[in-house]
Every structure is written in C-alpha cells, then in structure tokens.
Amino acid sequence: MSGVAATFAAMTIIHEHRTEIRAGDIQYQVAVITRTEGGEPDRVTVTIGAERPDGEPVAEGRLDLDVASVPTVAELLGTSLRSFTGGARRRSGNRPARQGQPWTDEMEAELEARWLAGESVVDIARHFDRTPGGIRARLPRVGCDPERPGNHLPTPPSLRDGDETEQGAA
C-alpha cells in the first residue's frame, strides 16, 4: 500500500481553463493551465492567441508564473493595458452602492412605474444606484420587457384568461 501512496504523491495534476471571445472578425483564445505536483498548484501558464481572418496574428504570447505571483501580475497587466488604452480602472469602490443588494417590493414597483413611464435604463440605474445591466436583468422579474422601453412583457397564451385567448384566436 505504501508504494501506491508514494505513486499518487508524485502525480502531476493539470487543470485547464479556456476562454474564446470574438471581437469583430477576430477570434481571441486564452488558456490558463495550472500544474499541481502532490499538493497545491505551483505553476500557472497563460497563453493568448488571436489572428485576423487572413491568418495574420494580432495577439500571441505565453506567461509562465509562480502561483504566488498570479494576483500581482494580473493587477499589473490590467493596470498597464488600461493605461495604454486610456481606459479607466475598475475598482470595487467605484461600483454603484446598491449593486448586488436585495430589492424591496416598493423598489420593484417603482422600477416598473419608471420603465412604463419611458425612463431610460441609464437614468433608472442612476436613480437606484445600480448598474444598467442590473436594471436590464431585473426588468423581466417585474414583468417589463427590457427590449421594448415602456412596455410590459407579453402574457404567454397559457396564462391568459379565456376571453383574451378567444379574442386572439378570432
């Protein structure tokens, strides 16, 4: 039994996470691979690649990192790339104060009323101190159509009363 335990302790386990995103006509691929030898991961390898439809590379590279350095390198890369592109740094402190907080019945009623009155998603988000994406996600939960400003979602036929169904069929 001790020979088997020693064999397992020396095993290398590899975990891989791949992400692909299309931006315009360019397909980007990122792979993050961790290697574990007998315990916690010790190395992380990040590869990135992208090319135009004609095959010309627009991004390619590989980083081999010690696990302990990953958070620092991730922050460094994010900050450097945002600085290069002129983008603002996203910090959790800059997020809307109510983002992720529960909604009350009163807030949901006001959300519905504001949407039906024709307010924009951005204005509603500002009023509730939430993100526009959070507002769009909440609209269907209060019966509003996020694709059609000022409108409720249509009632599916299975939930309509008999009179509406008969009128719709006529």
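What counts as what
- Residues numbered from 1 in each chain as written.
- Predicted model: local features only at pLDDT ≥ 70, side-chain atom pairs only at ≥ 80, totals over all residues.
- Heavy atoms only, no water.
- Helix = DSSP H or I, 4+ residues; strand = E, 2+ residues; numbered from the N terminus.
- Buried < 20%, exposed > 50% of the residue type's maximum accessible area, 1.4 Å probe, protein only.
- Contact = heavy atoms within 4.5 Å.
- Areas by Shrake-Rupley, 256 points an atom, 1.4 Å probe, with all protein chains shown as cover.
- Salt bridge = Lys/Arg side-chain N within 4 Å of Asp/Glu carboxyl O.
- Arc of directions from axis to C-beta.
- Pairing = 2+ DSSP bridges.
- Axes fitted to C-alpha atoms, helices over the stretch in contact; angles between N-to-C directions.

Visitor: Before we go on, may I ask you to explain the overall build of the protein in this structure?
Guide: Within the protein one finds six helices and four strands. The helix and strand sequence of the protein, counted from the amino end, reads α-β-β-β-β-α-α-α-α-α. Per-residue burial for the protein yields a buried fraction of 17% across its 170 residues. The long-range share in the protein, meaning contacts at least 24 apart out of those at least 6 apart in sequence, stands at 31%. Accessible area for the protein stands at about 12,300 Å²; split by element, carbon and sulfur atoms hold 54% of it.

Visitor: Explain the pattern of salt bridges to me, please; I cannot follow it from the model alone.
Guide: Oppositely charged side chains are able to pair whenever their charged atoms sit close together. The tally for this structure, following the rule as stated, stands at eight salt bridges. A salt bridge links Glu119 to Arg114; the nearest nitrogen and oxygen atoms lie 2.6 Å apart. By relative accessible area, which is 23% here, Glu119 ends up partly exposed. In this structure, a network of salt bridges that share partners links the residues Glu110, Arg114 and Glu119.

Visitor: How do you make sense of helix α4 (residues 121–128) when you look at a structure like this?
Guide: In an α-helix there are 3.6 residues to a turn, and that puts residues three or four apart on one side. Those residues of α4 that fall on the buried side of the exposure criterion are Val121, Ile124, Ala125 and Phe128. Along the long axis of α4, the arc covered by the buried residues comes to 100 degrees, so they all point the same way. Structurally, α4 contributes buried residues whose contacts are with α3 (105–116) and α5 (132–138). Two residues or fewer after α4 comes Asp129, characterised by a positive phi angle close to 55 degrees.

Visitor: For this particular structure, what's the right way to read the sheet that holds strand β3 (residues 41–51)?
Guide: Sheet strands pair via backbone hydrogen bonds, and the direction of the pair is either parallel or antiparallel. On the basis of which strands lie adjacent, the open sheet formed by four strands has the order β1-β2-β3-β4 and antiparallel pairing. Here the strands that pair on one side only, and so sit at the sheet edges, are β1 (12–23) and β4 (57–66). Going from strand to strand, the sheet's axes swing by 10 degrees on average, the running direction of each strand aside. In this sheet, β3 lies alongside strand β2 (residues 26–37) in antiparallel orientation, the contact comprising 10 bridges. Bridge pairing in β3 places Tyr28 opposite Ala50.

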